[in-house]
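# Structural description and commentary
The lines below spell out each chain.
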Amino acid sequence: MSAPDTNLKKQERQHRAPLWGIWAGLGLVALLFLGWLGWVMANGDAPEAQGTVTDDFTGQSEQVNEDAAVERDAQELNTVPAGAD
């Protein structure tokens, strides 16, 4: 059931402040999200051209450059582990 006497102008006036508060809160959340996203992008870890690669199975480390690391990963994908016959 609806109310018999509704004054829409009065209700608009009474709800104006809460609605502005909701919009302001949403705007603040959007600004915080964009700030966080910018901070993450600015402080992200970029892959380095040269570094140390550790073999997970043997635990041996070796110095490689980026091309060698890509080639090594491709070789690992094409090999079959021992015992998986």
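Everything here concerns the structure above.
Residues numbered from 1 in each chain as written. Predicted model: local features only at pLDDT ≥ 70, side-chain atom pairs only at ≥ 80, totals over all residues. Heavy atoms only, no water.

## Section: the overall build of the chain
Assigned secondary structure in the chain consists of two helices and two strands. Written out in order from the N terminus, the α and β elements of the chain read α-β-β-α. Counting every position in the chain, which comprises 85 residues, the buried fraction comes to 2%. By element, 60% of the accessible surface of the chain is carried by carbon and sulfur atoms, the whole surface being about 8200 Å². (Helix = DSSP H or I, 4+ residues; strand = E, 2+ residues; numbered from the N terminus. Buried < 20%, exposed > 50% of the residue type's maximum accessible area, 1.4 Å probe, protein only. Areas by Shrake-Rupley, 256 points an atom, 1.4 Å probe, with all protein chains shown as cover.)

## Considering the packing of aromatic side chains
Centre distance and the angle of the planes are the two values used to describe a pair of aromatic rings. Scanning the entire structure with this criterion turns up one aromatic pair. For the ring pair Phe33 and Trp36, a centre distance of 6.1 Å and an interplane angle of 35 degrees mean the geometry is tilted. Of this pair, Phe33 and Trp36 both sit in helix α1 (residues 8-42), three residues apart, which is roughly one turn of the helix. Overall, the relative accessible area of 46% leaves Phe33 in the partly exposed class. (Phe/Tyr/Trp six-rings, centres within 6.5 Å; stacked < 30°, edge-to-face > 60°.)

## Quick notes on α1
Here α1 spans 49 Å end to end across 35 residues, near enough to the 51 Å set by a 1.5 Å rise per residue. A bend of about 40 degrees at Arg16 is the largest found in α1, and the proline Pro18 appears one to four places after it. (Expected span 1.5 Å × (residues − 1). Bend = angle between axes of the 7 residues up to and from the residue.)

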